[in-house]
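Architecture and fold: a report
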Amino acid sequence: MDIGFKAFILATSEDLAGDAQTFDSVHKPAMEIYAFLLHWLVDVAENHAKTAKAAETAKESVTATKGKKKTTKAKADVEGWNWDIQRCYLLETVVSLLKLEIQRIIISTSERDTFISMITKSVCFLLEDPDSGKNARLKNAAFSVLGLAAKKFDSGPSKNGMDFSELTDGILREVKDWEFTEDDSKQSKSFAKFIIKLSEVMSERVLKNMISLQGHMDSDSYVVRNAMLEVLMNLIHLQLSTNNSEAAFGQMISFYNIIEERFADKNSFVRSKVLQVLLKLAERRDGGMTDIPVERWKSIVSSTVGRLHDKASVVRKNAIKLLAKLIESCPFLLNLSLFERNRAELKTLLKEKFPDNYGEDAEEQDEAADAEKDMEVDTAMSSTEPKPAGNPAELASLRKFLKYYSDGVRFLRQIKTAMPILCELLSSNTKTEVIECMRFFTIAFKYDLVLAKDGTRKMIHKIWEKDASGSDEEGSIRDNLLKCWEIIYMNPMPDPMRSKEELVANNLIGLIQELNLAEIISLEQLLGSMMQKSMIPDGVMNILWSVFASRRKESLPGRRRGALAILSMFGKAKKEIIEQHKDALLVCGLGEHAQNDLLLAKYACVALQQLGVVKKQKGLLPEVCARLPMNDPIFTRLCQLMLIPTKSYNWFGFAEQAINTIYSLSEHPDSLCGHVLQVVAERIFQNESSSVDEVAESFKSVLNLDKEPAEPVIALAAEGSQEGPAEDTAVASEDMNTKKMSTNSNMCDAFELSKLCFLVGHIGIRQIAHLEAIEQEWKRRKATKEKTASSTDELEQVTGTAEDEFTDAIAYIREMELLFGQNSLLSAFGPMITNICSSNISYNAPILQVMAVLALCKLMCISSKFCDENLQLLFTILEKSTNPIIRSNIIIGLGDMAVSFNSLIDQNISYLYNRLTDTDPTVKKNTLMVLTHLILNGMVKVKGQISEMAKCLEDGDKRISDLAKLFFTELATKDNAIYNNMPDIISNLSHNETGVDEEQFRSIMKFLFEFLKKDKQNESIIEKLCLRFKNAEEPRLWRDIAFCISLVSFTSEKTVKKLMDALPLYQDKLHEPLVYKYIHDVILRVSALPTHKKECCENEESIAKASGAAATRRKRQNLDLQLDTQDEELDEADEMDVETKVTEKKTKPSKRGKVAQKKRYISDGEDEIEEEDEEEDEMPLKKPVRGSKRK
């Protein structure tokens, strides 16, 4: 048919091109035959294809196999008939037919309409198959047929053959009454695509017929509601925003009202679509303006900021994107202070020039409410001479300017209120949300918005995110962070006076001076990652080195330190940066500037330490860097700087890094540091001895260490206690740095003694790290040697290797030699440190106590013997000290001791948990961090005190509450950790003395129960909670238990059954309103499940009956208690009446008799009992008889 049909069309086309005038006799019958044949073929073939497809689908669902499928397909190919291909050929042939001048062949209009109708019906029948829409070739051919039929043979009025306005209007009127539901997904999607496309290509006709579509804004299908939002967007963008008429503006405002109403839609996809629509409308046109009128900015920004709290992540993400777009396309200068100042000046000018008309405008009245937030105008303006009154045109112009500045101030304040919310969203668990927040702060920083720096600083911590990979479109969080920081700090705004590299260097120097310690650590990791990815502009290093080594007197020390700190961060990623400028570090960092600026020397030490950093490879022992000889100028200069006389507190930070540098780079660090210790000790005790033994003997004689130690006195330095010998009491002075300590007849400076304590502690802790490095180097050399050996010694495999002996030797040196050996210098200082810590009345300088306790903690990390001997002293200081710095240091030290000597600390772990209730937030935070580290790494067992950590979830300090949430989130990853401790947590938190109030209890439990997801856990916890009702006597406990039951996820039938089987345990508590509410809510929630509906109805009735019975019993108990109270009050009143003179009174019924009658009536359940009231005898000293006969 296809070949014959094409031949007929070709012949007819040639004949039409000739001079013949009539074709009725030849071409008309053939054309009608072909049309009928086409209609018949489509009908038969399409029905056959549908039947075959249905049969094949049914067969495949039962016994279909891949081999049979291939056989079927092969069979179809052999037969040479494929309807899917043939119908495409057929429709393309029909397109060629309709391009002919058919009106010359079929002259009659009715016959021609019948012919065209037969063809279009066949095409429509083909399009009814859903698979037809997936075939692009078939779909294009079918639309071409329908388009040609409508274009060439439509009987309606037409100007040029292309205007289908009446068809469009008819379609829109027809869809007016269509209704869509959530179940009509295919129909809804098809209608949505059609109406959106129609609004794009024929927006004018859709706008005129918008009344026919407005009912679909409230459609049950969210897909249709989304489509209507896009229709409104297209109409605003294509028609209304370019029309300057008042009618168009009014209609556009009404459309925006409809769009903003959808902010409150119940479906999150619709709320998200609203934000996407506004995002497109906020894009700038060619003229620089957006499709959003200035009048709508206030409400749109306000609604968008509100969506930042939406429960759906997709809504929050699009709200962030819209805010960023509004900042980029807003018509205001983004300078809040400038706008506030200009607005205040305009208001003053209006008051002076137009005092009568000022404030009459409605907009001005709104702005008057914000008057207290405006900046104060310069008082000099009020002293100037009054200006002459202006004309109405000037008044209108000034009001326009005032409105512009007022709108700008309002917009900038709205963005400012959103900044803290966006900072919180940076901590979101949703990846896309975090990425959009980072992009927002990048744009905000670019426009120098208020609080934008806070967001960029918080972004730094995202460098520690674990997702190292992401999709090609979005990328990982870390990759996006690097891109954002590259835009912010590595691509600054061009400055004609400075180069790009100089601007980048200045940005980094200024940044590091504003960051805290945690942010600096994250910045180090971030800059290292950027260095590895070559994102740092060339030349920045040279600028930083020039700033650091500058010899200008006007060079600020802060800039020099900042440049060196940035260089050390880059050097950690690329060691060559430091190696090439080692001389500059020695000359400038440890030279002339260092003596007056110890912070600069500290940063120089940090930079030098990068020379000793070796990258670790997984599964291999780390390589050891080449160490420098002891006579290297670096070590000479470091020792000199540590020994210079100074009272600056910066010395401690420098000394710490100097010791770290010596131990990282020197061949014999213990010798160098021992020399420094010896010199400092000689200065303090004015001893000229040069040997270690002589120094140790001097310390023993000075501190009376050979005598029997007296009872250690732990007192509060702040209280100024005067207990103890007079010669041991320190004389406090106002200046801590000049305070002198008295020890018998010897006088020593408190600050110098503090420096000695610090050196002892830090050298001790670095010495054990040095021993570990020696052990690793020995193992590395041994492993290298074994690789070259052909075989191993069988004797070593039986009796043990030299490696084990070496490890034991290192452990023995650490345990017994460092602090107890006769040849060890540290052994002389251990008793001194202990003496200072225990005698805080004699050594009462705060800085000395801080450094002595810190040194004690470090020495206790060396040897378990020394730790055991001084552990109780440390706990006593922890409990008694009023200095939060000392308590924080002890907590951190105990964490390190728990790693080394777990058994000693585990027995006294309660001391750590007690600090969770410390009054100082820093101590509490450090305690929480230490316990988190110990518990999550399995160094400390989770015990009942974990409830103290649960209390931190509701701490007022957000840092502490966030740390507690992080702890429980990580703890939940361990098997049943939270479930096993849940009973103890509930008991402790609901206790009258150790617990929390009910609101905090509910908030904590709501957070913790989210981690109980297993059915077995829920079943067991329900059983345990219900058993608690049995022994619970207080209503508070009933409410807490019932609330916990309401948090359980009732996903299994066993859980529900256990709750209902335990009804006898809590049925007498159901009279309590909240208890009944929680249990009833559980029943209602479970009844929504089809599998539990019948059971829950019965259970609901049982609970209602039990609740009524319990309420009746409770009322009786309360009434009995009330009547007993009244009896006692009457007895007391009678006793008081007996002691006083009683006047004569008439015989009357006794109140007590009535009370007793009422109680008897209620308790016995009998009818009203009439009893005679007894008369009261007037006997002055005799107790009156009770006026009731109570059983």
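What counts as what
Residues numbered from 1 in each chain as written. Predicted model: local features only at pLDDT ≥ 70, side-chain atom pairs only at ≥ 80, totals over all residues. Heavy atoms only, no water. Helix = DSSP H or I, 4+ residues; strand = E, 2+ residues; numbered from the N terminus. Contact = heavy atoms within 4.5 Å. Salt bridge = Lys/Arg side-chain N within 4 Å of Asp/Glu carboxyl O. Patch = residues over 30% accessible without salt bridge, like charges linked within 9 Å, V, L, I, M, F, W, Y side chains within 5 Å. Areas by Shrake-Rupley, 256 points an atom, 1.4 Å probe, with all protein chains shown as cover. Lys, Arg positive; Asp, Glu negative; His and termini not counted. Charge placed at Lys NZ, Arg CZ, Asp CG, Glu CD. Buried < 20%, exposed > 50% of the residue type's maximum accessible area, 1.4 Å probe, protein only. Axes fitted to C-alpha atoms, helices over the stretch in contact; angles between N-to-C directions. Parallel < 35°, antiparallel > 145°, perpendicular 65-115°, else oblique. Left-handed = near helix turned anticlockwise from the far one by under 90°. Nonpolar A, V, L, I, M, F, W, Y, C, P; charged D, E, K, R; others polar. Phe/Tyr/Trp six-rings, centres within 6.5 Å; stacked < 30°, edge-to-face > 60°. Lys NZ or Arg CZ within 6 Å of the ring centre and 35° of its normal. Core = buried A, V, L, I, M, F, W, Y, C linked by side-chain atoms within 4.5 Å. Polar contact = N/O pair within 3.5 Å; in protein donor to acceptor, adjacent residues only side chain to side chain. pLDDT = per-residue confidence, 0-100. Expected span 1.5 Å × (residues − 1). Disulfide = S-S within 2.5 Å.

Right, let's talk about the overall build of the chain for a bit. The number of helices and strands found in the chain is 54 helices and two strands. Of the contacts formed within the chain by residues at least 6 apart in sequence, a portion of 72% connects residues at least 24 apart.

Here we come to the pattern of salt bridges. Two side chains with opposite charge may pair up if their charged atoms get near one another. Inspection of the entire model under this criterion finds 43 salt bridges. Where K647 meets D749, a salt bridge forms, and the shortest distance between an N and an O atom there is 2.9 Å. With K647 in the loop between α30 (633-643) and α31 (650-665) and D749 in strand β2 (residues 746-749), the pair connects residues that are 102 residues apart, well separated along the chain. Here K958 makes a salt bridge to D962, at a shortest N to O gap of 2.8 Å.

Another point: a negative patch on the surface. Judged by side-chain charge, D177, E179, E182, D183 and D220 come together as a negatively charged surface patch. Mapping E182 onto the fold places it in the loop between α8 (165-174) and α9 (185-201). Residue E182 is classed as partly exposed on the basis of its relative accessible area of 42%.

Quick look at the environment of A35 now. Tracing the sequence through the fold places A35 in helix α2 (residues 27-63). Look at A35 and you get buried, because its relative accessible area is 6%. Here the alpha-carbon distance between A35 and M118, two residues 83 residues apart in the chain, equals 6.9 Å. With sequence-adjacent residues up to four places away left out, A35 is seen in contact with F115 and M118.

Let us look at the environment of A45. Position of A45 relative to the elements: it lies in helix α2. The buried category is assigned to A45, whose relative accessible area is 11%.

A word on a nonpolar patch on the surface. Together, F36, L37, W40 and V44 make up a nonpolar patch on the protein surface, roughly 380 Å² of accessible area in all. Considering the arrangement of structural elements, one finds W40 in helix α2.

Turning to the packing of helix α6 (residues 109-127) against helix α7 (residues 136-153), a few remarks are in order. Between two packed helices, both the angle of their axes relative to each other and the distance between the axes serve to describe the pair. Remark: α6 packs on α7, axes separated minimally by 10 Å, with the N-to-C direction vectors making an angle of 155°. Classified by the angle their axes make, α6 and α7 are roughly antiparallel. In the crossing of α6 with α7, the sense of the turn from one axis to the other is left-handed. Contact residues: α6 offers R112, D113, I116, I119, T120, V123, C124 and L127, while α7 offers A142, F143, V145, L146, A149 and F153. Looking at the contact of α6 with α7, its residues break down into eleven nonpolar, one polar and two charged.

Following both chains from N to C, one finds helix α25 (residues 540-548) and helix α26 (residues 557-573) inclined at 140°, their axes separated by 8 Å at the closest point. As summarised for this structure, α25 and α26 are arranged oblique, according to the angle between their axes. Judged by the twist between their axes, the crossing of α25 over α26 is left-handed. Here M541, L544, W545, V547 and F548 of α25 lie close against α26, whose contacting residues are R559, R560, A563, L564, I566, L567 and F570. Partitioned by chemical class, the residues of the contact of α25 with α26 number ten nonpolar, no polar and two charged.

The next point concerns the packing of aromatic side chains. Summed over all chains, the structure comprises 28 aromatic pairs. On the numbers, 6.0 Å between centres and 35° between planes, the contact of F332 with F411 is tilted. Remark: F411 occurs in helix α19 (residues 392-425) and F332 occurs in the loop between α16 (313-329) and α17 (336-353); sequence separation between them is 79 residues. Like F411, F332 is buried. Here K755 stacks its cationic end above the ring of W651, 4.8 Å away from the centre of that ring.

Here we take up the nonpolar core. Core analysis: the largest hydrophobic core is formed by 283 residues, its most contacted members being F411, F440, L756, F968 and M1005. Here this core gets 14 residues from one element, more than from any other, and that element is α19. Ranked by size, the runner-up nonpolar core spans 34 residues in total, among them L16, A45, C88 and A141.

Looking now at unusual backbone geometry. In this structure, L451 is a non-glycine residue whose phi angle is positive, near 70°. Considering the arrangement of structural elements, one finds L451 in the loop between α20 (431-446) and α21 (452-459). Phi angles above zero are rare outside glycine, and S534 is one such case at about 55°. The topology assignment puts S534 in the loop between α24 (517-532) and α25. A relative accessible area of 65% places S534 in the exposed class.

We now examine the side chain of R316. Within the fold, R316 resides in helix α16. Residue R316 is classed as buried on the basis of its relative accessible area of 13%. Among the polar contacts listed, one links the side chain of R316 to the backbone oxygen of K311, at a separation of 3.3 Å. Those residues in contact with R316 that sit more than four places away from it in its chain are R307, L308, D310, K311, L425, T430 and E433.

Let's shift gears to the confidence of the model for the chain. Residues of the chain with pLDDT of at least 70 account for 76%, and the chain-wide mean is 78. Element-level pLDDT for the chain is lowest in strand β1 (residues 740-743), with a mean of 38, against a maximum mean of 94 in helix α14 (residues 268-281). For residues 702-747, every residue scores under 50 in pLDDT, and the model assigns this stretch 83 contacts once sequence neighbours within four places are set aside. Note that pLDDT drops below 50 for residues 1141-1191; the model gives that stretch 59 contacts with residues more than four away or on any other chain.

Here we take up helix α40 (residues 884-900). Because an α-helix packs 3.6 residues into every turn, residues spaced three or four apart end up facing the same way. Compared with an ideal rise of 1.5 Å per residue, which puts 17 residues at 24 Å, α40 spans 25 Å between its outermost C-alpha atoms and is within 8% of the ideal. Restricting attention to buried positions, one finds in α40 the residues I886, R887, S888, N889, I890, I891, G893, L894, G895, M897 and A898. Along its buried surface, α40 packs onto α38 (846-860), α39 (864-880), α41 (902-906), α42 (910-914) and α43 (921-936). Where α40 begins, one side-chain oxygen reaches toward the backbone nitrogen of I885, 3.0 Å away; that side chain belongs to N883.

Scanning the entire structure with this criterion turns up zero disulfides. Looking at C857, it has no disulfide partner, and the nearest cysteine sulfur is the one in C861, 7.2 Å off.

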